[in-house]
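# Reading the structure
So you can see what is in the structure, the chains are spelled out below.
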Amino acid sequence: MEFLYELWLGKPAWMWLVFMTLVFSLLAFDLGVLGKRREKKATASGAEHPQEISISASLKLSVFYIGVALLFGAWVWYTLGAQSGISYLTAFAVEKALALDNVFVISVIFGALAIPRHLQHRVLFWGILGVIVLRGIMIGLGTALVTQFDWIMWIFGAFLLLTGIKLLFTKESESETPDLSNHFMVRVLRRFVPISPKLDGQKFLTKLPDAAGRLRVHATPLLLALLIVEAADVIFAVDSIPAVFAITQDPFLVYTSNIFAILGLRALYFALAALVHRFEALKPALALVLVFIGGKIFYTQFYGKMDPAISLAVTLSILLGGVLVSLWKTRGEGPKTAA
């Protein structure tokens with residue numbers, strides 16, 4: 001059992017094993033227990049499809065995931081010390097807030113591809129598996145760069161400052177519906193398989209006759225949605241990963257905070273997709289967080305590390321302020337029907 005105590009990316013292998021066991025247990029619980037429960041309810045009611053996740057169920061499941069993430073943070077605090085615990089919580093708060101911005105984009109993707117609500121959870125579930133791998137690769141590369149080149153943090157800081165300032169002064173139209181027919185992932189997929197114009201239940205691939213009447217494998221819009229959502233996550237990770245490296249350069253804390261934030265986002269999506277219009281002040285709050293974190297990098301380079309407790313307090317204050325202002329400005333507005 002000595003291999004459990006061997007260091008892997010700065011931490012004993014057993015700590016990584018605990019984390020991965022917890023993550024895959026949560027995914028198995030979601031797919032197995034909750035998925036089968038929805039199917040049984042659909043069968044009992046005579047419905048053709050599994051029940052959609054309601055807003056109340058989405059909120060309850062999200063609270064559960066946040067609770068698990070916070071308990072994991074308490075374990076990190078107990079195992080690695082207060083500084084690591086505070087760094088994890090700060091990174092989780094930043095990642096969670098930045099991940100919320102994904103909700104509108106994902107909702108637009110589902111709407112553009114006409115993915116019904118009862119199939120959206122399937123895309124998001126398999127999407128998280130891709131995120132676990134892709135974020136791991138990106139964080140591994142980021143760790144290697146930060147370790148080998150100290151000056152890379154200056155680039156991260158400038159990037160975050162410019163991104164935050166741009167986000168502050170950029171206005172996006174919610175009415176814009178993107179044309180995904182020429183999306184990069186669509187062009188790549190077409191090189192390998194033709195794309196079916198219609199869904200085929202929960203299938204990512206289906207067989208359709210070609211001009212000669214022979215059955216050929218086609219990608220369904222469900223697979224297309226999955227690939228575009230994954231591509232969108234990679235784009236968002238370009239912002240979020242440098243932000244977390246500005247908080248901590250410990251790959252264990254960076255990776256675990258990333259994954260727990262994304263896990264909870266999938267659960268919260270169905271509520272936020274209907275309520276996202278009520279968080280109009282969240283985007284400028286996120287911009288201010290990016291500016292603060294970018295400025296924190298330059299402060300660290302000139303004067304030394306900022307107290308992690310101050311960083312956590314400022315981050316949470318900005319985000320909480322954005323949420324409260326949003327709710328106050330949109331008071332009285334109800335949920336909107338998601339795609």
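That block above? That's the structure.
Anyway, here's the lowdown on the structure attached to this text. Remember, predicted model here, so these are calculated numbers, not experimental data.

### Examining the overall build of the protein
Helix and strand counts for the protein come out as 10 helices and 4 strands. Sequence-ordered secondary structure for the protein, helices as α and strands as β, is β-β-α-α-α-α-α-α-β-β-α-α-α-α. When burial is assessed residue by residue, the protein has 45% of its 339 residues classed as buried. Here the contacts in the protein between residues at least 6 apart in sequence split such that 78% fall between residues at least 24 apart.

### Re the packing of helix α5 (residues 152-169) against helix α7 (residues 221-247)
Packed helices, taken two at a time, are described by the angle their axes make and the gap between the axes. Where α5 meets α7, the closest approach of the two axes is 10 Å, and the angle between their N-to-C directions is 125 degrees. Relative to α7, the element α5 lies oblique. Like other packed secondary-structure pairs, α5 and α7 cross with a definite hand, here left-handed. Contact residues: Met 153, Phe 156, Phe 159, Leu 160 and Thr 163 in α5; Val 238, Asp 239, Pro 242, Ala 243, Phe 245 and Ala 246 in α7. Taken together, the residues that form the contact of α5 with α7 break down as 9 nonpolar, 1 polar and 1 charged.

### A few points about the nonpolar core
Phe 260, Leu 263 and Ile 293 are the most contacted members of the largest nonpolar core, which totals 83 residues. Among the elements that take part in this core, α7 stands out by supplying 16 residues, more than any other. Setting aside its immediate chain neighbours within four residues, Ile 293 contacts Val 94, Leu 160, Ala 243, Ala 246 and Ile 247.

### Quick notes on the packing of α7 against helix α9 (residues 282-303)
Their axes nearest at 9 Å, the elements α7 and α9 cross at an angle of 50 degrees. One finds that α7 runs oblique with respect to α9. The hand of the α7/α9 crossing is left-handed. For the pair α7 and α9, contact is made by Ala 243, Ala 246 and Ile 247 and by Leu 290, Ile 293, Lys 296 and Ile 297, respectively. Residue composition of the contact of α7 with α9, by class: 6 nonpolar, no polar and 1 charged.

### Some points on a nonpolar patch on the surface
A surface patch of nonpolar side chains, about 900 Å² in accessible area, is lined by Leu 145, Phe 149, Trp 151, Trp 154, Ile 155, Tyr 299, Phe 302 and Tyr 303. Every element with two or more residues in the nonpolar patch is listed here: α5 and α9. The greatest single-element share of the nonpolar patch, amounting to 3 residues, is contributed by α9.

### Some details on the side chain of Ser 240
Tracing the backbone shows Ser 240 in helix α7. Judged by its relative accessible area of 3%, Ser 240 falls in the buried class. Beyond its immediate chain neighbours, meaning those up to four positions away, Ser 240 contacts Glu 95, Leu 98, Arg 135 and Asn 258.

### Notes on the packing of aromatic side chains
Taken as a whole and assessed by the stated rule, the structure comprises 20 aromatic pairs. Here Trp 16 and Tyr 255 contribute two aromatic rings whose centre-to-centre distance is 6.2 Å and whose plane-to-plane angle is 40 degrees, an arrangement assigned as tilted. Pair noted here: Trp 16 is in helix α1 (residues 13-45) and Tyr 255 is in helix α8 (residues 251-275), with a separation of 239 residues, a long-range link. Residue Trp 16 is classed as buried on the basis of its relative accessible area of 7%. Measuring from centroid to centroid gives 5.4 Å for Trp 154 and Phe 298, while their planes differ by 65 degrees, and the two rings are edge-to-face. One end of the pair, Trp 154, is in helix α5; the other, Phe 298, is in helix α9, and 144 residues separate them in sequence. Here the aromatic cluster, defined as three or more aromatic residues joined through ring pairs, consists of Trp 8, Trp 14, Trp 16, Phe 19, Phe 72, Trp 75, Tyr 88, Phe 92, Phe 252, Tyr 255 and Phe 260.

### Focus: the side chain of Ser 87
By the secondary structure assignment, Ser 87 is in helix α3 (residues 82-112). The exposure class of Ser 87 is buried, given its relative accessible area of 8%. Looking at Ser 87, its side chain comes within polar contact range of the main-chain oxygen of Gln 83, at 2.9 Å. Excluding anything up to four places from it in sequence, Ser 87 contacts Ile 247, Thr 248 and Leu 253.

Cut-off values and rules
Residues numbered from 1 in each chain as written. Predicted model: local features only at pLDDT ≥ 70, side-chain atom pairs only at ≥ 80, totals over all residues. Heavy atoms only, no water. Helix = DSSP H or I, 4+ residues; strand = E, 2+ residues; numbered from the N terminus. Buried < 20%, exposed > 50% of the residue type's maximum accessible area, 1.4 Å probe, protein only. Contact = heavy atoms within 4.5 Å. Axes fitted to C-alpha atoms, helices over the stretch in contact; angles between N-to-C directions. Parallel < 35°, antiparallel > 145°, perpendicular 65-115°, else oblique. Left-handed = near helix turned anticlockwise from the far one by under 90°. Nonpolar A, V, L, I, M, F, W, Y, C, P; charged D, E, K, R; others polar. Core = buried A, V, L, I, M, F, W, Y, C linked by side-chain atoms within 4.5 Å. Patch = residues over 30% accessible without salt bridge, like charges linked within 9 Å, V, L, I, M, F, W, Y side chains within 5 Å. Areas by Shrake-Rupley, 256 points an atom, 1.4 Å probe, with all protein chains shown as cover. Salt bridge = Lys/Arg side-chain N within 4 Å of Asp/Glu carboxyl O. Phe/Tyr/Trp six-rings, centres within 6.5 Å; stacked < 30°, edge-to-face > 60°. Polar contact = N/O pair within 3.5 Å; in protein donor to acceptor, adjacent residues only side chain to side chain.

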